[in-house]
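So you can see what is in the structure, the chains are spelled out below.
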Amino acid sequence: MSRIVAAMSGGVDSSVAAALLAQEATQDEIIGVWMRTHGDMPEGLELSRSCCSPDAADDARRVAQILDIPFFILNVEKEFGARVIDAFVDSYLEGSTPNPCQACNQYIKFDELLRRGLAAYGADAVATGHYARIEQRDGRWRLMRAADADKDQTYFLWVLDQQQLSRTRFPLGDLTKPEVRAMAERLTLPTAHKPESQEICFVPLGDYRTLLEERRGYAGEPGPIVDADGTTVGTHTGYAHYTVGQRHGLGVALGEAVYVREVQPATNTVVIGRRAEIAQRTFTVDDARFTAGDPPSDRFDVSIRIRHRAPDVPAEITMIGRDRFVVETAEPVWAPAPGQGAVMYDGDECLGGGRIVRASG
Amino acid sequence: MAIYLDHAATSPLRPEVLEAMLPYLAEHHGNPSSIHASGRRARQGLDESREIIAQLIGAKPREIVFTAGGTEADNLAIKGVAWAASAKGRHVITSSVEHKAVMNTCAILSRQGFQITYLPVDRYGRVDPAELEAAITERTTLVSIMAANNEVGTLQPVAEIGAICRERKVVFHTDAVQAAAFGPPAPDAWQATLISLSAHKLGGPKGIGALYVRQGTPMVAQTNGGAQERQRRAGTENVAAAVGFAAAMQLAYGESPPNALRDWLLDALAALPGVAVTGHPTERLANSASVVIDGIEGGDLVAALDLEGVEASTGSACTTGSVEPSHVLLAIGIDEARAHGSLRLTLGRGTTQADLDRTVAIVEACVERLRASAPSMVGSA
């Protein structure tokens, strides 16, 4: 018998994941855990559609009661504050685009929950409601895309290593979203009809600028918006309020659509470009991790994805040392944004990934 | 069957209490305020219960006000007296280790213009009567200091406090919700004006408590409506629960408290590496063993113990997963890091030596497992 910690967010996916384990894995003991990631939002600013509100804890508890499994709340406020919220804010201040869901997976769900789950609950494995699959083949644990390509979340899971993959379960990997909802309805789970969570759970109303000011005292200072030639074409409210690829909120009218091409913290400058100028074929990635532990070789072919739900593009990877690589894509890709994940696939297998670095860095 | 060591949170309903209550949940259905026979029958149950409780604590029946629990009793006592005496002065003295029911009630008064003094405590959690005496001014109308602490079990010198209050003509309220589980509160020996009580800590039902109010104490009702409870607490009385409360008290005060088992448990826990007893070594609740354990998170330990069949607490019921360190542990001088590692085991009816042997072995194993896991890496990676 093994003991499995089911991470329950209070959403329909993790509810059904826990239900599947509780029903099918009759040999195993399932323990529901809801992670408290941050304090309560002020009244009126609670995020009804987010996974981390107190209401979500109530929903998760109700599901655990229906499934007749133990339920605990694990406080990860300190870790979440440092690893996810501060990292999110610092990412903007570095001129990068934050990737909070990936950070939450890496540091909270698969570091903190796995570590504390094993220690506190004597568990052997962690299960989540992610859409992804894990296979053991040729002596290696492999992270595979979900059966439902539309829901596949491997883009946020590339950091998992062999040790973590061996202790992780994704019960929804073979299901589609409609199947998951149907199962929730059949089990009359209170979360069956909850809408998808789309907001970032710790940013009320999507207003991250307030967070920059609160956590790092960044109020934003107006600076120039320049075009590719360095000509000033407008004024921005502070470089950290902009991310690469952004189109709206520039207040620049040049006769055709323009996008943020680069954010330069040192000079408080936002560089814009036309659509064709935003696409790139070559970029550098660091913090590289491979699910197998090591890259297949120094130079190899993959298909690469540089944002969630973007199409994969064939690319050649050239390693520079152990944790840095250069990507050369077969065709230009739209706005590789510093800070975002570049995730490598071989067919349906996720090989790993890394973080896109600034063009100048 | 799990070993239940959380009697300070709530103690299971005694079978005899359930028996005593059942007629009042079924055939004796009347409203005690009704004129007819059904009403009179219900009224009889309520009156008898009030008499039993009054007699057990050495009070008059008219001095017992039934409430929905200890928290409501605290609210009624503090707000009721503070406002009734507000023409004389608006200064309330309490301690820094009170239950939230007192702490947050005082905080509300503070926002309404009252001055609140929080007396410090020594490293065991005890108030110094001399400091209380020095804190009383001519504007002071109320002193509220608990009889026994719910987290670390320390008993306060209530009789000394009461004597000072009496001499200085200040109302003395004491929350005896925990203390009253192992022997009757004593209004006269303590010279207390107001005493909060709760049924479910001594094997009665949840949802009922009482406030002892010394005859002649001016008080503003906090729940308005009908004339029940001598106009101090409106609302149809919870007759079955009152009957259960009285029955539970009678049974509880006929039992000998588990001091010896508690002492054994405290010694056994203190013998584990990195474990320190919190609260007073001897002047403490008969059933309470509380400790802080280095290198662990109390909430994680309690979850781990639960999965191994031991039901315990970090010290106070915490369901929201907040990690605010306990104000009680901070007040007795335990630093924030160690305060996170709190564990409270509270014994009750039926707790055996064998239960405690097993518990100590399980605590030791779980603590070892928790300590072996890598510490939180925030800020260092």
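All figures in this text were calculated on a predicted structure; none of them were measured in a lab. Going along each chain's sequence as written, the residues are numbered from 1 onward. The lettering of chains begins at A and the numbering of ligands begins at 1, in the order of writing. Side-chain atom pairs in this predicted model are given and counted only at pLDDT of 80 or more, local residue features only at pLDDT of at least 70, and totals for whole chains, interfaces and linings cover all residues.

(A) Up close: the overall build of chain A. Labels follow the DSSP assignment, with helices taken as runs of H or I lasting at least four residues and strands as runs of E lasting at least two, numbered in each case from the N terminus. A tally of regular secondary structure across chain A gives eight helices and 17 strands. At 21 Å, chain A has a C-alpha radius of gyration in line with the 21 Å of a compact globule built from 361 residues. Over its C-alpha atoms, taken along the principal directions, chain A stretches across nearly 65 × 50 × 35 Å. Buried means a residue has 20 or more other C-beta atoms within 10 Å of its own C-beta, exposed means 12 or fewer, and partly exposed covers the counts in between; C-beta atoms are placed from the backbone. By residue count, 46% of the 361 residues in chain A fall in the buried class. What counts as a contact here is a pair of residues whose C-beta atoms, placed from the backbone, lie within 7 Å. Relative to all contacts within chain A whose residues are 6 or more apart in sequence, the contacts with residues 24 or more apart total 65%. Only C-alpha atoms enter the radius of gyration, while the globule expectation follows 2.2 Å times N to the 0.38, with N the number of residues.

(B) Highlighting the overall build of chain B. Looking only at helices and strands, chain B has 14 helices and twelve strands in total. For chain B, the C-alpha radius of gyration of 21 Å lies close to 21 Å, the compact-globule estimate for 381 residues. Taken over 381 residues, chain B has a buried fraction of 50%. Nonlocal contacts in chain B, meaning residues at least 24 apart in sequence, comprise 74% of its contacts between residues at least 6 apart.

(C) Broad picture of unusual backbone geometry. You will see that D68(A), though not glycine, has its phi angle at about 60°, which is positive. The residue D68(A) is located in the loop between α2 (54-67) and β3 (71-75) in this model. On the basis of neighbour counts, which here come to 8 C-beta atoms within 10 Å, the residue D68(A) falls in the exposed class. The phi angle at R230(B) is positive, at roughly 50°, despite the residue not being glycine. By secondary structure assignment, the location of R230(B) is in helix α8 (residues 228-231). Looking at R230(B), the number of C-beta atoms within 10 Å reads 13, which means it is partly exposed.

(D) View of the interface of chain B and chain A. Counting residues at the interface gives 15 residues for chain B, matched by 18 residues for chain A. Mapped onto the side of chain B that touches chain A, the elements with two or more residues apiece are α11 (298-307) and α14 (353-372) of chain B. Grouping the amino acids of the side of chain B that touches chain A by side-chain chemistry returns seven nonpolar, five polar and three charged. Gly is put with the polar residues, along with every residue not named as nonpolar or charged; the nonpolar set is Ala, Val, Leu, Ile, Met, Phe, Trp, Tyr, Cys and Pro, and the charged set is Asp, Glu, Lys and Arg.

(E) Seen up close, helix α1 (residues 12-24) of chain A. Residues and elements named next belong to chain A. The span one expects for a helix is its residue count, reduced by one, times 1.5 Å. The end-to-end C-alpha separation of α1 is 18 Å, in line with the 18 Å expected for 13 residues at 1.5 Å each. Within α1, eleven of the 13 residues are buried, which leaves the element mostly enclosed by the surrounding structure. Residues V12, D13, S14, S15, V16, A17, A18, A19, L20, L21 and A22 constitute the buried set of α1.

(F) Quick look at the nonpolar core. Ranked by internal contacts, the top residues of the largest apolar core, which has 210 residues, are V5(A), A6(A), A18(A), V33(A) and L113(A). If one sorts the elements of this core by residue count, helix α9 (residues 239-252) of chain B sits on top with eleven residues. Discounting chain neighbours no more than four positions away, the residues touching A6(A) are A17(A), A18(A), L21(A), I30(A), I31(A), G32(A), V33(A) and A127(A). When buried Ala, Val, Leu, Ile, Met, Phe, Trp, Tyr and Cys residues are joined through C-beta atoms within 7 Å, the set is termed a nonpolar core.

(G) Expanded view of helix α10 (residues 259-270) of chain B. Residue and element names in this part refer to chain B. Here α10 spans 16 Å end to end across twelve residues, near enough to the 16 Å set by a 1.5 Å rise per residue. Along α10, the residues that are buried comprise R262, L265, L266 and L269. Taken end-on, α10 shows its buried residues confined to a sector of 100°, consistent with a single buried face. Of the exposed residues in α10, those oriented more than 90 degrees away from the buried face are A260 and D267. Where α10 is buried, its residues touch β9 (275-277), β10 (288-293), β12 (342-346) and α14. Relevant arc is that of directions from the helix axis to the C-beta atoms, nothing else.

(H) Broad picture of the sheet that holds β9(B). All names here are of chain B. Note on pairing: DSSP must find at least two bridges between two strands before they are called paired. Strand order in the open sheet formed by three strands is β9-β10-β12, and the pairing between neighbours is antiparallel. Both outer strands of the open sheet, β9 and β12, are each paired with one neighbouring strand and no more. Shown here is a sheet whose adjacent strand axes are inclined to one another by a mean of 30°, direction ignored. Bridge analysis of β9 against β10 gives three bridges, and the strand direction is antiparallel. Opposite A276, over in β10, you have V292 as the bridge partner. For helices, the fitted axis covers only the stretch in contact; all axes are lines through C-alpha atoms, and the angles between them, taken along N-to-C directions, range from 0 to 180 degrees.

(I) Quick peek at the environment of R338(B). All names here are of chain B. Of note, R338 is situated in helix α13 (residues 336-339). For R338, a count of 17 C-beta atoms within 10 Å gives the class partly exposed. Considering only alpha carbons, one finds R338 and I293, 45 residues apart in sequence, at a separation of 7.0 Å.

(J) Spatial organisation of the confidence of the model for chain A. Per-residue pLDDT for chain A averages 90, and the proportion of residues at 70 or more is 94%. You can read pLDDT as the predictor saying how much it trusts each residue, on a scale of 0 to 100. In the model of chain A, helix α8 (residues 275-278) of chain A stands out as the element of lowest mean pLDDT, 86, in contrast to strand β6 (residues 140-145) of chain A, which has the highest, 98.

(K) Quick peek at the domain arrangement of chain B. Residues and elements named next belong to chain B. Each domain's limits were defined by an automated method or a database of domain assignments. Segmentation of chain B into domains returns domain 1 (3-10 + 256-372) and domain 2 (15-252). Centre-to-centre separation of domain 1 and domain 2, based on C-alpha positions: 28 Å. Mapped onto the side of domain 1 that touches domain 2, the elements with two or more residues apiece are β10 and α12 (327-331). Split into classes, the residues belonging to the side of domain 1 that touches domain 2 amount to seven nonpolar, eleven polar and four charged.

(L) Looking closely at the domain arrangement of chain A. Residue and element names in this part refer to chain A. On domain assignment, one finds that chain A holds domain 1 (3-205), domain 2 (220-277) and domain 3 (279-356). At the interface, five residues of domain 1 touch seven residues of domain 2. Taken together, the residues of the side of domain 1 that touches domain 2 sort by class into two nonpolar, two polar and one charged.

(M) Quick peek at the pairing of strand β8 (residues 223-226) of chain A. Residue and element names in this part refer to chain A. Bridge count for β8 against strand β9 (residues 232-236) is four bridges, and the pairing is antiparallel. Each residue of the ladder has a partner; that of I225, found in β9, is G234. Between β8 and β9, which pair antiparallel and follow one another directly, the connecting turn spans five residues, one of which, G230, has a positive phi of 90°. Note: β8 against strand β11 (residues 269-274), two bridges, orientation parallel. Counterpart to I225 in the pairing with β11 is V270.

(N) View of the confidence of the model for chain B. Residue and element names in this part refer to chain B. On average, chain B scores 95 in pLDDT, and the residues at 70 or more come to 96%. Below a pLDDT of 50 lies the segment residues 376-381, which in the model reaches six contacts outside its immediate sequence neighbourhood of four places, other chains included. Predicted complex metrics record ipTM = 0.84 and pTM = 0.88.

(O) Representation of the packing of helix α4 (residues 100-121) of chain A against α11(B). Look at α4(A) against α11(B): their axes get within 8 Å of each other, and the N-to-C directions meet at 50°. Considered as vectors, α4(A) and α11(B) are oriented oblique to each other. Counted together, R116(A), A119(A), A120(A) and Y121(A) of α4(A) and D300(B), A303(B), A304(B) and L307(B) of α11(B) form the full contact between these two elements. What sets the label is the angle itself: under 35 degrees gives roughly parallel, over 145 gives roughly antiparallel, 65 to 115 gives roughly perpendicular, and the rest give oblique.

(P) Highlighting the sheet that holds β3(A). Residue and element names in this part refer to chain A. Sheet architecture is open: five strands sit in the order β3-β2-β1-β4-β7, paired in parallel fashion. Where the open sheet ends on each side, the last strands, each with one partner, are β3 and β7 (168-169). Along the sheet face, α4 touches β1 (3-7), β2 (29-36), β3, β4 (125-127) and β7 and points at about 140° away from the line of β1.

(Q) Molecular detail of the pairing of strand β10 (residues 258-264) of chain A. Residue and element names in this part refer to chain A. Pairing between β10 and β11: six bridges, direction antiparallel. In the strand pairing of β11, Y259 is matched with G273. From the end of β10 to the start of β11, which pair antiparallel, there are four residues, and N268 there has a positive phi angle of about 50°.

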